[in-house]
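Spelled out from the first residue to the last, the chains are:
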Amino acid sequence: MTDQVWKRDEIESPCIKICVVHPETRLCTGCNRSIDEISQWSRLSAEDRAQIMAELPTRAPMLKQRRGGRAARLAK
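What comes next concerns the included structure.

What counts, and where the lines are drawn
- Residues numbered from 1 in each chain as written.
- Predicted model: local features only at pLDDT ≥ 70, side-chain atom pairs only at ≥ 80, totals over all residues.
- Heavy atoms only, no water.
- Salt bridge = Lys/Arg side-chain N within 4 Å of Asp/Glu carboxyl O.
- Helix = DSSP H or I, 4+ residues; strand = E, 2+ residues; numbered from the N terminus.
- Buried < 20%, exposed > 50% of the residue type's maximum accessible area, 1.4 Å probe, protein only.
- Patch = residues over 30% accessible without salt bridge, like charges linked within 9 Å, V, L, I, M, F, W, Y side chains within 5 Å.
- Areas by Shrake-Rupley, 256 points an atom, 1.4 Å probe, with all protein chains shown as cover.
- Disulfide = S-S within 2.5 Å.

### Considering the pattern of salt bridges
Close approach of charged atoms allows side chains with opposite charge to pair. Under the defined criterion, the tally for this structure stands at 2 salt bridges. A salt bridge links Arg59 to Glu37; its shortest N-O distance comes to 2.6 Å. Here Arg59, found in helix 2 (residues 46-64), pairs with Glu37, found in helix 1 (residues 35-40); they are 22 residues apart in sequence, far enough to count as distant. Neither Arg59 nor Glu37 differs from the other in exposure class; each is buried. Note that Arg59 is salt-bridged to Glu55, the shortest N-O span being 2.9 Å. On the criterion of helical spacing, the pair formed by Arg59 and Glu55 is a turn pair, its members being 4 residues apart in helix 2.

### Regarding a nonpolar patch on the surface
Together, Ile16, Ile18 and Val20 give the surface a local cluster of nonpolar side chains, amounting to about 270 Å² of exposed area. Relative to the assigned elements, Ile16 resides in the segment before helix 1.

### Overview of unusual backbone geometry
Backbone geometry at Lys17 places phi at a positive 65°, although glycine is not the residue there. Summarising the element assignment, Lys17 is placed in the segment before helix 1. For Lys17, a relative accessible area of 48% gives the class partly exposed. Of note in this structure, Asn32 is not a glycine but carries a positive phi near 70°. When you line up the elements, Asn32 lands in the segment before helix 1.

### A look at the state of the cysteines
As enumerated under the stated definition, the model contains 0 disulfides in all. Left without a disulfide partner, Cys28 is nearest to the cysteine sulfur of Cys31, which lies 3.9 Å away. Cys28 gets classed as buried once you look at its relative accessible area, which sits at 3%. When its relative accessible area of 6% is taken as the criterion, Cys31 is described as buried.

Right, here's the structure in full:
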């Protein structure tokens, strides 16, 4: 696989190739996009992509919180 798909003449994907979906927020921990945004990215308009890109920094704090590990699982 080559990286040519990441170098097109359009708004680049924010993907950093760390694709793990957070179980509670349902956002990718690498790029902060939702699964729907990731799957539709190649079909979105430039305006829709720009809007998503503008929102991504506000999503980052949602993923920085620790989920609690073993202690949180036991508390449930």
